[in-house]
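# Chains, contacts and geometry: an overview
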Protein chains: 2
Amino acid sequence: MRQGVDQHADSGVDPGGRPYHHGALRARLLAAGLDLVAAEGVGALSLRRLAREAGVSSGAPYHHFPDRAALFAAIVVDGHDLLFTRLDAARAGSSDAVATLCELLVAYAGFAADHPAHMRVMLRPELAEPAAHPEVTAAGVRPIELLRSVVLAAQDEGAVPPGDPEPVLHMFWSLAVGYVTLWLDGPVEARCAVLGTTPDEMIRRVASAVEELLRRPPA
Amino acid sequence: MRQGVDQHADSGVDPGGRPYHHGALRARLLAAGLDLVAAEGVGALSLRRLAREAGVSSGAPYHHFPDRAALFAAIVVDGHDLLFTRLDAARAGSSDAVATLCELLVAYAGFAADHPAHMRVMLRPELAEPAAHPEVTAAGVRPIELLRSVVLAAQDEGAVPPGDPEPVLHMFWSLAVGYVTLWLDGPVEARCAVLGTTPDEMIRRVASAVEELLRRPPA
DNA sequence: AGGGATATCTAAGCAGTGCTTAGACTGGCA
DNA sequence: TGCCAGTCTAAGCACTGCTTAGATATCCCT
């Protein structure tokens, strides 16, 4: 029926027409999905619920996303873009490679703090079914390559062990992913509360400890 | 009906009786759940499916686990026990604190390799709803306290920055959780395949890089 | 301006899920 | 023996992802 039309006319900020939500439905679903993930976690996100909140039928989202995983995939691609921008800015603002490595760590956590919904989805790759949505895997390449280049620079400075950069790369990659995982999942937040600090402050202290190690004279 | 009785009599290794699965159903659900998580991931686990595979009705599991989260909580508690045992053995087999820290890292990854189903569930705390099942949070305390004691010992040796041990603790905690997350989620496995190595070997090389940093003379 | 292709949406339905309820059955204990 | 507590079945509610058939709106093209 014209239920969709009426509901849109009721709630629309543009009463001039635009039935069937026009091309705005896709963007609206994405935005509502991010809000929902931020508020109640990834488990609470269902296409039916997003459709209900948007005032459309439960089948409507499938014209914009082939399946639920495709919506998650769109979030992941968007998130990796935002993340790369942020990491790149952190790199530009640092002096030497050691400082850059530490700033990348802090920037990664800062991104998680500012875009928790994006990060929550990015940390659960199975949600986006990367096997079915290859753009997800491709989107994650740029941040890693950025990190790799900084590790190589740190090797040139003698700050990290020479030779194959991959172990050191995996070390920083794991450190960043692990801290943010523990933050968003709760344990770090809980422990910081007991310690009388915040996760935001703690990652900076972790980065300082790392920097202290990297600034030691190589044996 | 006596459908349950018949099915059990058909498939039972103990045809002498034991209708209604006796007390074995709980253990059987747990074991089948771990198998399912290992084979198809946490998303594939449903109480209805476990019940089907065990040959009982879909309501039967609820007499052993109040809800799905309670089954995950049981897995997490069991997993933290196994993990602590393994970490404790690694500590006992190492010489100084620096070696111990590196061995803990390798042992953590080794646990993930040997008990991937346990680890997958442990890495997703929301599955066990820790707010509703406090034993989950309690079970995670021992491994962290073990790590903390080793970090303190490393401070005594001058291997890590002195003062508050929490930043260094969070560093190793994040490193371990991050690496295992990236391993079980796929990215590390994929990258190692390209590099012509294995995640098992890579974590050992990461640990070596960490050791090299820790063995540098403090500034 | 009219007309047809196309994108968008609705309504209805299937199979699966977590969880609840009422009732039936069993084993063990007094 | 009789009864009770623990265990299970059967049925049902509300929710989910996803599909299908059909209706409606928009846009472009002659």
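Worth saying up front: this structure is predicted, and the values here are computed from it rather than measured.

### Description of the overall build of chain A
Across its full length, chain A carries twelve helices and zero strands. Going from N to C terminus, chain A has its helices and strands arranged as α-α-α-α-α-α-α-α-α-α-α-α. Counting every position in chain A, which comprises 219 residues, the buried fraction comes to 41%. The contacts of chain A with a sequence gap of at least 6 include a subset with a gap of at least 24, amounting to 67%.

### A look at the nonpolar core
Among the nonpolar cores identified, the biggest contains 132 residues, and A:Leu105 and B:Leu105 are the most heavily contacted of them. If we skip the residues at most four places from it in the chain, B:Leu105 touches B:Phe172, B:Leu175, B:Ala176, B:Ile203 and B:Ala207.

### Considering the relation of the copies chain A and chain B
By a simple turn and slide, chain A fits onto chain B: the slide is 0.0 Å along the axis, the RMSD is 0.0 Å, and the turn is 180°. Accordingly, the operation relating the two chain copies is best matched by a two-fold axis. Considering only C-alpha atoms, the residue of chain A closest to the rotation axis is A:Gly178, which sits at 1.8 Å. Of the residues that chain A buries at the interface, 100% are likewise interface residues in chain B, meaning the two copies contact each other through the same surface.

### Description of the interface of chain A and chain B
With 36 residues of chain A at the interface, the matching set in chain B holds 36 residues. Breaking the side of chain A that touches chain B down by element, the ones donating at least two residues are α7 (125–128), α10 (166–185), α11 (187–195) and α12 (199–214) of chain A. Of the residues forming the side of chain A that touches chain B, the biggest block, 15 residues, is contributed by α10(A). In terms of residue class, the side of chain A that touches chain B is built from 21 nonpolar, eight polar and seven charged.

### A look at helix α9 (residues 166–185) of chain B
Residue and element names in this part refer to chain B. With 20 residues, α9 should reach 28 Å at 1.5 Å per residue; the first-to-last C-alpha distance of 27 Å fits that figure. Burial of α9 is extensive: 18 of the 20 residues sit out of reach of the surface. Following α9 by one or two positions, Gly186 has its phi on the positive side, about 120°.

### Focus: the packing of α12(A) against α9(B)
In a packed pair of helices, the relevant descriptors are the angle between the two axes and the axis-to-axis distance. At a minimum axis separation of 8 Å, α12(A) and α9(B) run at an interaxial angle of 90°. Put simply, α12(A) runs roughly perpendicular to α9(B). Taking contact as the criterion, the partners of A:Met202, A:Arg205, A:Val206, A:Ser208, A:Ala209 and A:Val210 in α12(A) are, on α9(B), B:Pro167, B:Val168, B:His170 and B:Met171. Considered class by class, the residues forming the contact of α12(A) with α9(B) number seven nonpolar, two polar and one charged.

### Quick word on the environment of B:Glu129
Residues and elements named next belong to chain B. With respect to the helices and strands, Glu129 occurs in the loop between α6 (116–122) and α7 (134–139). Looking at Glu129, the number of C-beta atoms within 10 Å reads 15, which means it is partly exposed. Counting along the chain gives 37 residues from Glu129 to Ala92, while the straight-line C-alpha distance between them is 33 Å.

### Things to note about helix α4 (residues 68–92) of chain B
An α-helical turn contains 3.6 residues, so any two residues separated by three or four positions project in the same direction. The terminal C-alpha atoms of α4(B) lie 37 Å apart, and with 25 residues this matches the ideal 36 Å at 1.5 Å per residue to within 8%. Along α4(B), the positions that sit buried rather than exposed are B:Leu71, B:Phe72, B:Ala73, B:Ala74, B:Ile75, B:Val76, B:Gly79, B:His80, B:Leu83, B:Leu87, B:Ala90 and B:Arg91.

### Details of the environment of A:Ala54
Residue and element names in this part refer to chain A. Topologically, Ala54 is positioned in helix α3 (residues 47–54). Of the residues examined, Ala54 has 21 C-beta atoms within 10 Å and is grouped as buried. Aside from chain neighbours lying at most four places away, what touches Ala54 is Leu25, Arg28, Leu29 and Ala32.

### Points about the environment of B:Arg48
Residues and elements named next belong to chain B. Counting through the fold element by element, Arg48 comes out in helix α3 (residues 47–54). A tally of 12 C-beta atoms within 10 Å means that Arg48 is categorised as exposed. A C-alpha to C-alpha distance of 5.0 Å links Arg48 and Ser58, two positions ten residues apart in sequence.

What counts, and where the lines are drawn
Residues numbered from 1 in each chain as written. Chains lettered and ligands numbered in written order. Predicted model: local features only at pLDDT ≥ 70, side-chain atom pairs only at ≥ 80, totals over all residues. Helix = DSSP H or I, 4+ residues; strand = E, 2+ residues; numbered from the N terminus. Buried ≥ 20, exposed ≤ 12 C-beta atoms within 10 Å, placed from the backbone. Contact = placed C-beta atoms within 7 Å. Core = buried A, V, L, I, M, F, W, Y, C linked by C-beta atoms within 7 Å. Least-squares fit on C-alpha atoms with pLDDT ≥ 70 in both. Nonpolar A, V, L, I, M, F, W, Y, C, P; charged D, E, K, R; others polar. Expected span 1.5 Å × (residues − 1). Axes fitted to C-alpha atoms, helices over the stretch in contact; angles between N-to-C directions. Parallel < 35°, antiparallel > 145°, perpendicular 65-115°, else oblique.

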